[in-house]
Every structure is written in structure tokens, then in C-alpha cells.
Amino acid sequence: RLAVTCFQTQLEVMPMTLNPSIRTLILKYNNFHSVDASFKFYPELELVDLSSNQLVSIPDRSFSSQRRLVELRLEHNKISGLGPRTFSGLGRLEVLRLSHNLLDQLGPSQNNIRVLADSSFSGLLQLSTLDMSGNKLERVHEKAFTQLQALAELNLSDNELYQVPSHTFASFDKLERLNIGQNKFSAIDEGAFLNLQRLKELHISGCPNLVEIAAEAFAQLADLQTLTLSSNRKLSFIHPQAFG
């Protein structure tokens, strides 16, 4: 297993010629401002560490040749935006570190993520929109969204959640839009949205197993303006006191 570590240099990313079978490349604590196209010559990379640099953007398909990449570290940079093709080609990626950047929005994922662990988005203090739809989420840990106090919109639709992840909502002080449709929970229980007093839009559509909505399920949503409950084919009972 070949590895190269470069600390505190002023070189551009990847100006040197390396063995094309290199698997680990650590380039943290430098002054890189962009990702060089020469990454395409190193398809065997499994770990790339570009943390603690001056990166402001990642061009589309920068890592499209890294089909074997498992971990990509980009934390402690100045990245302000990510495009829909930024991580194209990273079919084996398991770890992506983006904390301590200038991101205020993350677009659709559409990967195979099954679990959101505690502090999954640590350091993204200004993030306003998070779209985790189209994954295979089964479990969201209680502190997965810790530090996302600025989040205004969360999309968890089209996953495999068997319960509304009510225990995770305590982190949200400013959440206004929530989509949890197309999941597998069978009921919406009392106090499911207890900590979302500022929520204005709630979408719960296309849930194939949803049968009932309990009393006080929406009671705490004093600012709610839009509630969508369409295409829940098994929904047969909404408690008269569902809204308190």
C-alpha cells in the first residue's frame, strides 16, 4: 500500500508524478485553492485528505476517476458550494468530511445511506437546506443533526424510516419546511413534531404503510400553514384531536 503525505507546502495540488497505484494521499495543512485535474491519473486512491487548505470550490467530476475511493476529507476549507456532479463517480465512498466550511446548502444525495450517526453534520453551523431524500435511511441517531440550528428545510423523503424520527428534531430552532413522505412508518404518534414550533410546511405523502394519525400528533405546530397528506393509500384514521 503506497502512501504520500505532504504537510505545509506551497505546491499546487498534484504537480508531481506519483506511482499510479498509490492508495493514500494526504495533502492537508497546505495552501491549495483548487483541485487539480491530474487526480484522474491515480485511479487506485482509497483515501484522499485535502483538509485544512484554502479550497473554495470543487469542480464537477474532480474525483470521477477515483472509483475505489472510500474516504474523502475536505473539512476546514472555504468551500461555499457543491454542485450535483461534484462527487460523480465515487460509487464506493463511505466517509465524506465537509465540516468547518462555508456551506449553506447541500443538494440531493440519492446514495445508499442507511444510518445517520450522532454529529453527522458537525461544524455546518450555517447550513440552511439539507436534502437526504432517495437514500435507504432506516435509522437516524438522536444527535445526528446536532449543531444544525440554522437549518430551515429538511427533506427525508423516499427512505426506509419505520418511525418518524421525532427524537432528532430537538436540534432545530428555525426549521420551516419538513418532508418525510415515502417512508415506511405505520403511524404518526402523539407529539411527533413536539420541538418544531416554527414549522410552516409539512409533507407526509406516499407512505405505503401509514394507517393512523394519533391525537395531538400535530398539536405543537402553531405556525403550520401547509400540511400535505396525499397518496397514503392505507391511511384510514385521523384522530379528531390530531391538531389538539
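Being a predicted model, the structure only gives us computed values, none of them experimental.

Undergrad: Honestly, the overall build of the protein chain in this entry has me stumped. Any pointers?
TA: For the protein chain, the count of helices and strands is 0 helices and 16 strands. In terms of its C-alpha atoms, the protein chain occupies a principal-axis envelope of roughly 70 × 30 × 25 Å. For the protein chain, the residues scored as buried account for 40% of the 244 residues in total. Within the protein chain, contacts between residues at least 6 apart in sequence are counted, and of these 51% link residues at least 24 apart. Distance between charge centres in the protein chain, computed from 23 positive and 25 negative side chains, equals 7 Å.

Undergrad: Even after reading the chapter, I still don't get the sheet that holds strand β16 (residues 237-238), so can you show me in this structure?
TA: Pairing is parallel across the open sheet formed by 3 strands, whose spatial order is β12-β14-β16. Across the chains shown, the open sheet's two edge strands, defined by having one partner strand only, are β12 (187-188) and β16. Note that strand β14 (residues 212-213) and β16 share 2 bridges and pair parallel. Residue pairing for β16: E212 is matched across the bridge by F237.

Undergrad: Which parts of the structure should I look at to understand unusual backbone geometry?
TA: Leaving glycine out, the prevailing phi sign among residues is negative, and the prevailing peptide bond configuration is trans. The backbone phi angle of H100 is positive, close to 60 degrees, even though this residue is not glycine. Position of H100 relative to the elements: it lies in the loop between β5 (95-97) and β6 (105-106). Of the residues examined, H100 reaches a relative accessible area of 41% and is grouped as partly exposed. The phi torsion at E216 lies on the positive side, around 65 degrees, for a residue other than glycine. Mapped onto the elements of the fold, E216 is located in the loop between β14 and β15 (226-228).

Undergrad: I'm lost on the pattern of salt bridges in this one. Help?
TA: Pairing is possible between side chains of opposite charge, provided their charged atoms come close. In this structure the tally under the stated criterion is 8 salt bridges. A salt bridge links R73 to E71; the shortest N-O distance between them is 2.8 Å. E71 sits in the buried class, given a relative accessible area of 13%. In this structure, R97 engages E71 in a salt bridge whose closest nitrogen and oxygen atoms are separated by 3.3 Å. Note that R97 is positioned in strand β5 and E71 in strand β4 (residues 71-73), a separation of 26 residues in sequence. A single network of salt bridges, built from pairs that share partners, joins D49, E71, R73 and R97.

Undergrad: Hey, could you run me through the side chain of N232 in this one?
TA: Following the sequence through the fold, N232 ends up in the loop between β15 and β16. Assessed through its relative accessible area of 8%, N232 is described here as buried. What N232 contacts, discounting residues up to four positions off in sequence, is I204, S205, G206, C207 and L210.

Undergrad: Is there a simple way to think about the environment of K143 in this case?
TA: The topology assignment puts K143 in the loop between β9 (139-140) and β10 (153-155). Sequence spacing of K143 and D118 is 25 residues, and the spatial spacing of their C-alpha atoms is 4.6 Å. Contact partners of K143, with chain neighbours within four places excluded, come to D118 and S119.

Reading the values: rules and limits
- Residues numbered from 1 in each chain as written.
- Predicted model: local features only at pLDDT ≥ 70, side-chain atom pairs only at ≥ 80, totals over all residues.
- Heavy atoms only, no water.
- Helix = DSSP H or I, 4+ residues; strand = E, 2+ residues; numbered from the N terminus.
- Buried < 20%, exposed > 50% of the residue type's maximum accessible area, 1.4 Å probe, protein only.
- Contact = heavy atoms within 4.5 Å.
- Lys, Arg positive; Asp, Glu negative; His and termini not counted.
- Charge placed at Lys NZ, Arg CZ, Asp CG, Glu CD.
- Pairing = 2+ DSSP bridges.
- Salt bridge = Lys/Arg side-chain N within 4 Å of Asp/Glu carboxyl O.

Everything listed here is a matter of coordinates, which is why it stays silent on function.
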